[in-house]
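Topology and contacts: notes
Below are the chains, spelled out letter by letter.
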Amino acid sequence: MLYTSTRNNKIRVSAAQAIAQGISEEGGLFVPCEIPQLSLDKISALTDMTYIQRAKEILKLFLTDFSDEELNYCVEGAYEKSKFSSEKIAPTVEVGENEYILELWHGPTCAFKDMALQLLPYLMTVSAKKTADGKTIVILVATSGDTGKAALEGFKDVDNTKILVFYPVDGVSPMQKLQMTTQEGNNVAVCAINGNFDDAQSAVKSIFTNGEIKKELAEKNMMFSSANSINWGRLVPQIVYYFSAYADLVEQKRINCGDMINFVVPTGNFGNILAAYYAKKMGLPIKKLVCASNSNNVLTDFLTTGKYNKNRAFYTTTSPSMDILISSNLERLLYHIGGDNDNLVSDLMSALSEKGEYEISEDMLNSIKSDFDAGFADENAVLETISINNYLFDTHTAVAVKVYEDYVSRTNDNIPTVIDSTASPYKFAKTVLCAKLNKESIGLDEFESVKELNKLTGFDIPLPLKALENKEVRFNNVCNKEDMKQMVFKLLNL
């Protein structure tokens with residue numbers, strides 16, 4: 001299995017090189033040159049496997065330059081039972097007729113990003129030994145909330161790595177901020193920026209492709225890589241849990257192997273739902289992928305009209321991980337539906353950078369509509385959804401549940417459907433508690449809200465969040481987006 005770039009399809013690299021490098025030299029994203037296929041027999045065989053066994057079966061199709069021994073080391077280390085609060089790792093639970101929740105938040109940071117970011121450090125370490133000639137890898141991360149903490153936790157004290165995380169100063173929940181600013185580890189650093197996630201992400205991409213900065217790092221025997229979903233090593237582990245959820249439904253006798261199901265995915269950067277798209281193209285029987293957005297509904301508009309326009313109001317919402325107007329992973333989808341046309345993708349990305357908008361052809365839009373549906377939920381709808389449901393949703397999952405309800409009402413398509421639940425409700429305790437109490441505000445701090453929500457619902461508080469209450473804050477850095485380059489060198493002590 002070789003990988004190419006969305007902006008230069010003459011490139012051919014191994015999985016290890018794609019993972020270690022993170023992003024292609026010209027700014028494109030690495031994609032597989034071909035998408036491997038899984039027969040129904042092989043999908044059926046997943047039913048009797050553990051999550052670790054399922055992960056090995058899927059990942060070995062993409063990581064063909066990893067030996068069995070290396071893959072075992074990576075997967076077994078990442079999904080070791082002590083790291084997850086559920087033996088199933090990512091359990092699929094029934095919440096209504098033909099409606100299921102895929103709980104992706106049982107990992108150490110209580111968010112779906114753990115599903116990939118517990119594995120990525122292992123993949124990165126093995127990849128670096130193969131390709132990076134002993135260099136120290138500097139992991140540069142922009143986060144809208146959950147990626148930052150999951151990456152910090154995954155990479156803390158990993159040999160020959162340093163990790164720097166940038167987050168929007170007013171764009172994450174208090175719990176998300178505390179998770180990052182109290183992070184332990186000798187190779188970690190965190191900095192807030194005056195701006196939003198798109199500002200942080202654009203600056204990180206600019207630093208990645210800056211020849212002078214890369215040269216300075218090389219002189220110190222260092223190289224950049226990414227833990228954002230622009231890195232194929234972050235995206236490929238997410239494909240696994242779509243196959244696993246399907247296998248769970250077969251195992252529970254909710255469906256027969258071969259039956260079609262739908263997935264509903266709350267997403268901002270398009271990585272989580274793109275992983276589901278790859279699963280579908282590999283042969284997983286998926287009818288529709290329903291993309292759920294919050295008030296920043298740039299993806300909803302694009303997937304329904306073919307016009308991408310980031311020149312719009314930016315909203316800071318109660319689902320901050322989706323407060324994004326530039327969805328990086330969409331570039332990979334454009335490459336696939338555009339017939340692997342790297343020039344087309346380069347032109348579209350240039351238009352986005354220069355004008356803030358682009359439009360795809362009718363054929364490409366029809367291709368999208370054959371696989372995707374889309375909707376969005378505003379703030380009032382999110383709070384109402386949390387209020388009226390017995391299952392305790394976080395704000396991002398509530399977006400997806402509301403979009404799913406609207407989808408069924410609009411299409412009458414009520415086949416078995418799995419909704420991604422992407423974070424513990426306790427990461428957004430104050431908002432969730434207000435919704436449950438039908439109040440606009442409450443005079444409680446974050447940890448008082450956690451305790452009250454627990455009293456009200458009986459829903460277990462995750463141990464990693466309990467442990468935060470008395471942790472010391474280590475990082476108070478703040479910079480402007482224009483100064484991120486200087487901050488990178490400062491945090492690296494260069």
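A short tour of the structure in this document, coming up. (Residues numbered from 1 in each chain as written. Predicted model: local features only at pLDDT ≥ 70, side-chain atom pairs only at ≥ 80, totals over all residues. Heavy atoms only, no water.)

**Overview of empty space enclosed by the protein**
- Tallied over the entire structure, the rule returns 2 cavities of 30 Å³ or more.
- Forming the boundary of the largest cavity are 24 residues, of which Phe112, Lys113, Gly268, Asn269 and Ser321 lie nearest the centre.
- Within the residue set of the lining of the largest cavity, elements represented by two or more residues are helix H7 (146–155), helix H11 (232–251) and helix H12 (271–281).
- Tallied by class, the residues present in the lining of the largest cavity amount to 7 nonpolar, 14 polar and 3 charged.
- Its volume calculated, the second largest cavity comes out at about 40 Å³.
- Every residue lining the second largest cavity is listed: Thr267, Gly268, Ser293, Asn294, Asn296, Val298, Leu299, Met322 and Ile324.
- Of the residues contributing to the lining of the second largest cavity, the split by class is 4 nonpolar, 5 polar and no charged. (1 Å grid on protein atoms, 1.4 Å probe; cavity = no way out; pocket = protein on both sides within 12 Å on 5 of 7 lines; lining within 4 Å. Points joined across faces, edges and corners; volume = space filled by probe spheres on them. Helix = DSSP H or I, 4+ residues; strand = E, 2+ residues; numbered from the N terminus. Nonpolar A, V, L, I, M, F, W, Y, C, P; charged D, E, K, R; others polar.)

**Looking at the packing of H12 against helix H14 (residues 330–337)**
- Closest axis-to-axis distance for the H12/H14 pair is 9 Å, and the angle between their directions is 30°. With respect to H14, the axis of H12 lies roughly parallel. Counted together, Leu274, Tyr277 and Tyr278 of H12 and Arg332, Leu333, His336 and Ile337 of H14 form the full contact between these two elements.
- Looking at the contact of H12 with H14, its residues break down into 5 nonpolar, 1 polar and 1 charged. (Axes fitted to C-alpha atoms, helices over the stretch in contact; angles between N-to-C directions. Parallel < 35°, antiparallel > 145°, perpendicular 65-115°, else oblique. Contact = heavy atoms within 4.5 Å.)

**Things to note about the nonpolar core**
- Counting residues in hydrophobic clusters, the biggest one holds 143 residues, and the most contacted among them are Tyr79, Phe166, Ile239, Phe243, Phe263 and Tyr358.
- Sort the elements by how many residues they give to this core and H11 lands first, with 13 residues.
- Setting aside residues no more than four positions away along its own chain, Phe243 makes contact with Leu38, Ile43, Leu46, Ile58, Ala279, Met282 and Leu284. (Core = buried A, V, L, I, M, F, W, Y, C linked by side-chain atoms within 4.5 Å. Buried < 20%, exposed > 50% of the residue type's maximum accessible area, 1.4 Å probe, protein only.)

**Digging into the sheet that holds strand S1 (residues 3–5)**
- The strand order across the open sheet built from 3 strands is S2-S1-S3, with neighbouring strands paired in antiparallel fashion. Single-partner strands in this sheet number two, and they are strand S2 (8–13) and strand S3 (30–32). Neighbour-to-neighbour, the strand axes of the sheet open up by a mean angle of 40°, direction not taken into account.
- Sheet strands in contact with H14 are S1, S2 and S3, and its direction is about 45° off that of S3. (Pairing = 2+ DSSP bridges.)

**Details of the pattern of salt bridges**
- For the coordinates displayed, the defined rule picks out 23 salt bridges.
- Between Lys56 and Glu76 there is a salt bridge, with the nearest N and O atoms lying 2.6 Å from each other. Here Lys56, found in helix H3 (residues 51–62), pairs with Glu76, found in helix H4 (residues 68–78); they are 20 residues apart in sequence, far enough to count as distant.
- Under the relative-accessibility criterion, Lys56 is labelled buried at 17%.
- The partner of Arg254 in a salt bridge is Glu94, and the shortest N-O contact between them spans 3.0 Å. Placement of Arg254 in the loop between H11 and strand S10 (261–266) and of Glu94 in strand S4 (residues 92–96) is noted, with a sequence separation of 160 residues between them.
- Classification of Glu94 as partly exposed rests on a relative accessible area of 41%. (Salt bridge = Lys/Arg side-chain N within 4 Å of Asp/Glu carboxyl O.)

**What to know about the side chain of Gln21**
- On the secondary structure map, Gln21 appears in helix H1 (residues 15–21).
- What Gln21 contacts, discounting residues up to four positions off in sequence, is Phe30, Met223, Phe224 and Ser225.

**A closer look at the pairing of strand S5 (residues 99–103)**
- With 5 of its 5 residues buried, S5 lies for the most part within the structure.
- Here S5 shows no split at all, with Glu99, Ile101 and Glu103 on one side and Tyr100 and Leu102 on the other all buried.
- Between the end of S4 and the start of S5, which pair antiparallel, lie 2 residues, with Asn98 showing a positive phi angle near 60°.
- Relative to strand S15 (residues 417–421), S5 runs parallel, the two sharing 5 bridges.

The analysis is restricted to geometry; functional conclusions fall outside its scope.
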